[in-house]
Amino acid sequence: MRIYFFLVLTLIGSVATGVRAQGGNAVPVSMPGQQSGEERYRIGFQDTLEIQVFRHADLNQRVSVNANGTINLFRLRDPIVAVCKTERELANDIAAAYEKDYLRNPEVNVVAVEQRSQAYGVLGAVEKPGWYFISRPIRLLELLAQAGGHTDKAGSRIAVARTGSNSNCKLNQGPVANEDAIDVMYFNVKDVLEAKQNLVMRPGDIISVLDADVIYVYGNVAKQGQVIMKEPITLTQAIASAEGLRSATKKDNIRVLRQKSGNPEREEFVYDLNEIDKGKMADPYLEPNDIVAVGEDKTKSILNSIGRSLTNGIPSLFYRVP
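These numbers were taken from a predicted model, which means no experiment stands behind them.

Visitor: Tell me about the overall build of the protein, and please be specific about residues and values.
Guide: Each helix and strand in the protein was counted, giving seven helices and 17 strands. Counting the 322 residues in the protein, one finds 45% classified as buried. By sequence separation, contacts in the protein at least 24 residues apart represent 62% of the contacts at least 6 residues apart. Working note: accessible area of the protein is about 17,400 Å², and carbon and sulfur atoms make up 49% of it.

Visitor: Give a detailed account of the sheet that holds strand β14 (residues 225-228), specifying residues and quantitative values.
Guide: The mixed open sheet is built from five strands, whose spatial order is β14-β13-β17-β15-β16. Two strands close off the open sheet at either side, each with one partner strand: β14 and β16 (266-271). Taking each pair of neighbouring strands and ignoring which way they run, the sheet shows an average axis angle of 25°. Where strand β15 (residues 254-259) lies against β16, six bridges are found, and the strand directions are antiparallel.

Visitor: Quick rundown of the packing of aromatic side chains? Include the residues and the values.
Guide: Within the structure shown, the criterion is met by two aromatic pairs. Measuring from ring centre to ring centre gives 6.3 Å for Tyr98 and Tyr102, while their planes differ by 45°; the resulting arrangement is tilted. For Tyr98, a relative accessible area of 0% puts it in the buried group. For the ring pair Tyr186 and Tyr216, a centre distance of 6.4 Å and an interplane angle of 40° mean the geometry is tilted. Linking Tyr186 in strand β11 (residues 183-188) with Tyr216 in strand β13 (residues 214-219), this pair joins segments that are 30 residues apart in sequence. Look at Tyr186 and you get buried, because its relative accessible area is 3%.

Visitor: Before we move on, could you go through the side chain of Arg162 and cite the residues and values that matter?
Guide: Looking at the secondary structure, you find Arg162 in strand β10 (residues 157-162). By relative accessible area, which is 11% here, Arg162 ends up buried. Within the structure, the side chain of Arg162 is placed 2.6 Å from the side chain of Asp205, a separation counted as a polar contact.

Visitor: Now, about the pattern of salt bridges: what can you tell me, with residues and values included?
Guide: Summed over the entire model, instances satisfying the criterion amount to 11 salt bridges. Note that Glu50 is salt-bridged to Arg62, the shortest N-O span being 2.8 Å. Taken together, the residues span a long stretch of sequence, with Glu50 in strand β3 (residues 48-53) and Arg62 in strand β4 (residues 61-64) at a distance of 12 residues. Taking the relative accessible area as the measure of exposure, Glu50 reaches 21% and is therefore partly exposed. In this structure, Arg258 and Glu287 form a salt bridge, with 3.7 Å as the shortest nitrogen-oxygen distance. Residue Arg258 is located in strand β15, and its partner Glu287 is located in the loop between α6 (273-277) and β17 (291-294); the two are separated by 29 residues in the primary sequence. The exposure class assigned to Arg258 is buried, which follows from its relative accessible area of 14%.

Visitor: Kindly report on the sheet that holds β4, identifying the contributing residues and their values.
Guide: The three strands lie next to each other as β4-β3-β7, forming an open sheet whose pairing is antiparallel. The open sheet is flanked by β4 and β7 (108-114), the only strands paired with a single partner. If you compare each strand with its neighbour and ignore which way they point, the axes differ by 25° on average. Bridge analysis of β3 against β7 gives six bridges, and the strand direction is antiparallel. Its bridge partner being in β7, Ile51 is matched across the sheet by Val110. Across the sheet, helix α2 (residues 87-101) is in contact with β3 and β7; its angle to β7 comes to roughly 135°.

Visitor: Please give an account of the pairing of β3 that cites residues and values.
Guide: One face of the sheet, then the other: side chains in a regular strand alternate in exactly this way. Both β3 and β4 contribute to a ladder of four bridges, which runs antiparallel. Bridge pairing links Ile51 to Gln61 in β4.

Visitor: Can you explain the side chain of Thr234? Please cite residues and give values.
Guide: For Thr234, the position within the fold is in the loop between β14 and α5 (235-241). Within the structure, the side chain of Thr234 is placed 3.4 Å from the side chain of Thr236, a separation counted as a polar contact. A polar contact is formed between the side chain of Thr234 and the side chain of Asp283, at a distance of 2.9 Å. Not counting the four nearest positions on each side in its chain, Thr234 is found in contact with Asp283, Pro284, Tyr285 and Leu286.

Visitor: Tell me about the environment of Ala293, and name the residues and values.
Guide: Relative to the helices and strands, Ala293 is located in strand β17. Look at Ala293 and you get buried, because its relative accessible area is 1%. Sequence spacing of Ala293 and Leu257 is 36 residues, and the spatial spacing of their C-alpha atoms is 7.5 Å. Not counting chain neighbours up to four residues away, the residues in contact with Ala293 comprise Tyr218, Asn253, Ile254, Arg255 and Ile302.

What counts, and where the lines are drawn
Residues numbered from 1 in each chain as written. Predicted model: local features only at pLDDT ≥ 70, side-chain atom pairs only at ≥ 80, totals over all residues. Heavy atoms only, no water. Helix = DSSP H or I, 4+ residues; strand = E, 2+ residues; numbered from the N terminus. Buried < 20%, exposed > 50% of the residue type's maximum accessible area, 1.4 Å probe, protein only. Contact = heavy atoms within 4.5 Å. Areas by Shrake-Rupley, 256 points an atom, 1.4 Å probe, with all protein chains shown as cover. Pairing = 2+ DSSP bridges. Axes fitted to C-alpha atoms, helices over the stretch in contact; angles between N-to-C directions. Phe/Tyr/Trp six-rings, centres within 6.5 Å; stacked < 30°, edge-to-face > 60°. Polar contact = N/O pair within 3.5 Å; in protein donor to acceptor, adjacent residues only side chain to side chain. Salt bridge = Lys/Arg side-chain N within 4 Å of Asp/Glu carboxyl O.

Functional significance is not addressed by these values, which are geometric in nature.
Written out as structure tokens, the structure is:
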């Protein structure tokens, strides 16, 4: 009976293993034996690797993955691509390279001793903001829990900026192309806490728990950026909060971009301020995270500006292939 009780405690302890963070500085945690081939950790651009060649201690070394995704090893003339491979896949490639020109039947082991490419940023109104390095699949709610949850200063919305990190690897493929695009998605805090919306996170994602509901005003206004919503606000009030229109701005094509919850796609509504000023059209109330676009700026350019504002002040962790 005592042995059975000990085994049960051991099993519970194994299941409870998760990501551990202190003061926002996270420690990578792996879960051996629980990852399928597609879920195994894949080496990224900032990882540090321990290379061991059995019976050849002079070839053992610790290396960092280069900015172009390769590593350079003793006695090998050509670099070896490491990024997006599992430790076992890379070990096999290294063994093949040594066998070709140098050794007979080499045995190689690779360990990613510092798994720093799969990082997730959490900032804003949370208890422990910072970077979290996690080597397994994770969802939005769990990542918020790792950051200690939201504080009493949090508003009703969560923004997720999808930066397109090069550490996103698919099985048997290279890094995912990112084209420097930043997608921004918004979620209701209540829906996330109730797991009604629970996004699967990707390395490079940055979560911002907003202090209060905001809207964004961009384009031909005197002061671009966020407008805090402490109470319901209309389109003309939002423009006034941005200190008004610039001179010679056309008032008949004011766009409001409104995102569907948890979806990067947006609906577009067009308003004529002239008609609103004359009372011929109602002054519409805006919703949290609406984007007021004044002028002809493309939607992609506006979204990238918002994405950069969310990541402002966070050091870059991701190398990109030249």
